[in-house]
Amino acid sequence: MPLPSLLADPAAPAFLGGIVATAMIGGWATKLDAWYRGLAKPRWQPPDWAFPVVWTLVFACVGIALLRAWPLLDAPWRVALVVAAITNALSNIGWSVAFFRARRPDVALWVCVPLLATIVALFAICLHADVVAGLCVAPYLLWVSVATKLNATIIALNAAVTSRADAPAVTR
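Overview of the structure.

To continue, consider helix α6 (residues 105–129). Counted at 1.5 Å a residue, the expected span for α6 with its 25 residues is 36 Å, and the 35 Å between its end C-alpha atoms agrees. Remark: the principal bend of α6, roughly 25°, maps to V111, with a proline, P114, within the next four residues. For α6, the complete set of buried residues consists of P105, D106, A108, V111, C112, L115, T118, I119, L122, I125, C126 and A129. Buried positions along α6 lie against α3 (34–38), α4 (50–69), α5 (75–101) and α7 (131–157).

Here we take up the packing of α6 against α7. Interaxial distance between α6 and α7 falls to 9 Å at its minimum, and their mutual angle equals 165°. The angle between α6 and α7 falls in the class roughly antiparallel. For the element pair α6 and α7, the recorded crossing hand is left-handed. Considered class by class, the residues forming the contact of α6 with α7 number 22 nonpolar, 4 polar and 1 charged.

What counts and how
Residues numbered from 1 in each chain as written. Predicted model: local features only at pLDDT ≥ 70, side-chain atom pairs only at ≥ 80, totals over all residues. Heavy atoms only, no water. Helix = DSSP H or I, 4+ residues; strand = E, 2+ residues; numbered from the N terminus. Expected span 1.5 Å × (residues − 1). Bend = angle between axes of the 7 residues up to and from the residue. Buried < 20%, exposed > 50% of the residue type's maximum accessible area, 1.4 Å probe, protein only. Contact = heavy atoms within 4.5 Å. Axes fitted to C-alpha atoms, helices over the stretch in contact; angles between N-to-C directions. Parallel < 35°, antiparallel > 145°, perpendicular 65-115°, else oblique. Left-handed = near helix turned anticlockwise from the far one by under 90°. Nonpolar A, V, L, I, M, F, W, Y, C, P; charged D, E, K, R; others polar.

Here is the structure:
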């Protein structure tokens, strides 16, 4: 299905607007301040500049997946797609707020549960509609799986401060 015909679908503005809003709010919530910079992080963590690049690509892939799947789904599957997409967006934003704004990596790790569950749901629903749509969700699942492992590792490396929102920046 060519991109211009996908964008002509009446659902396109809602899906694309939701993705852009999720990215913008998540970006706003991401605060790379002294607290974050002071956390011990594993050597395998990607560099800070990679995160916005990867998130942009991931959100683009999810947008393509949603736009490809939507016209191929009947009403019950469409409802499931919308519920999964909205729950996913809220979980995605919730993770950024918990980790960066509330300074609670421990709470953020719990937010990974519904986040990953909704990504799996999006993958399954999109795959039901179209193999390419399902495959477009796969990078999102991979990236958030890595981010979940990174979150857990940061908690382990900073056990003394990661469960207290008022914790001062850690010195290494």
